Amino acid sequence: FETEEHTLRELRIFLREICKKLANNRLFYMFTKPVDTEEVPDYPTIIKQPMDLETMMTKVDFHQYECAKDFLNDIELIVQNALEYNPAKTSADKQIRHRACSLRDYAFTLIKNEMDSDFEDKCQDISKKR
Ligand SMILES: CC(=O)c1csc(NC(=O)C2C[NH2+]C2)n1
């Protein structure tokens, strides 16, 4: 059991580093905090499951990710929300969609390059057992 807790502790340290790198990239500024429903009142009428990088950092601290796959599922939620909320042909919408796709590619590539695949397998095994 103790070794499982050591594994999940190491996962949290790794995911905080990934989250920090993504949140510190100016390209992803609009994904760093929850959309302000005061400024964008129609957002909650369209996007039913909002997600952002600050919320993901909190989820790491609350032990709500047991493997990198769960973390990447929330990245994909950020991306899908942005594509749904910004469907127009305008340059503003196009730029946000392009940045959402860049966020996805950065996150998946960072994790693939910096994470030992055996370590992720161990995390997924622990997650399945729980
Ligand atoms: C996080 C996110 O996807 C977001 C925040 S504001 C926004 N879009 C706009 O403000 C307008 C450009 N066309 C609507 N999208």
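In this text the structure is predicted, and so the values were computed from the model without any measurement.

Undergrad: How should I be thinking about the side chain of Asp52 in this particular structure?
TA: Position of Asp52 among the secondary structure elements: in the loop between helix 2 (43–46) and helix 3 (53–61). For the buried residue Asp52, which engages in no salt bridge, the nearest side chain bearing the opposite charge is Lys33, 7.0 Å off. A distance of 2.4 Å separates polar atoms of two side chains, one belonging to Asp52 and the other to Thr55. Sequence-distant contacts of Asp52, defined by excluding residues within four places in its chain, comprise Phe31, Thr32, Lys33, Pro34 and Ile78.

Undergrad: Which parts of the structure should I look at to understand the site of the ligand?
TA: Lining the immediate environment of the ligand, one finds Met30, Val35, Ala82, Tyr85, Asn86, Asp93 and Ile96. At a separation of 2.7 Å, a nitrogen atom of the ligand approaches a polar side-chain atom of Asn86. Here a nitrogen atom of the ligand sits 2.3 Å away from a polar atom, N or O, in the side chain of Asp93. Coverage of the ligand by the protein chains reaches 70% of its 400 Å² of free accessible surface. Its atoms largely coinciding with the cavity grid, the ligand occupies the largest pocket. Mapped onto the shell around the ligand, the elements with two or more residues apiece are helix 4 (68–85) and helix 5 (91–114). Each residue belonging to the shell around the ligand can be placed in one class, and the counts come to five nonpolar, one polar and one charged.

Undergrad: Explain the packing of helix 3 against helix 4 to me, please; I cannot follow it from the model alone.
TA: What describes two packed helices is the angle between their axes and the distance between those same axes. Between helix 3 and helix 4, the least distance of the axes is 11 Å, while the angle of their chain directions is 160°. The orientation of helix 3 with respect to helix 4, classified from their angle, is roughly antiparallel. Classified by chirality, the crossing of helix 4 by helix 3 is right-handed. On helix 4, the residues touching Leu53, Met56, Lys59 and Val60 of helix 3 are Phe71, Asp74, Ile75 and Ile78. Of the residues assigned to the contact of helix 3 with helix 4, the class counts are six nonpolar, no polar and two charged.

What counts and what doesn't
Residues numbered from 1 in each chain as written. Predicted model: local features only at pLDDT ≥ 70, side-chain atom pairs only at ≥ 80, totals over all residues. Heavy atoms only, no water. Helix = DSSP H or I, 4+ residues; strand = E, 2+ residues; numbered from the N terminus. Buried < 20%, exposed > 50% of the residue type's maximum accessible area, 1.4 Å probe, protein only. Lys, Arg positive; Asp, Glu negative; His and termini not counted. Salt bridge = Lys/Arg side-chain N within 4 Å of Asp/Glu carboxyl O. Polar contact = N/O pair within 3.5 Å; in protein donor to acceptor, adjacent residues only side chain to side chain. Contact = heavy atoms within 4.5 Å. Near = heavy atom within 4 Å. Areas by Shrake-Rupley, 256 points an atom, 1.4 Å probe, with all protein chains shown as cover. 1 Å grid on protein atoms, 1.4 Å probe; cavity = no way out; pocket = protein on both sides within 12 Å on 5 of 7 lines; lining within 4 Å. Sits in = over half its atoms within 2 Å of the grid points. Nonpolar A, V, L, I, M, F, W, Y, C, P; charged D, E, K, R; others polar. Axes fitted to C-alpha atoms, helices over the stretch in contact; angles between N-to-C directions. Parallel < 35°, antiparallel > 145°, perpendicular 65-115°, else oblique. Left-handed = near helix turned anticlockwise from the far one by under 90°.

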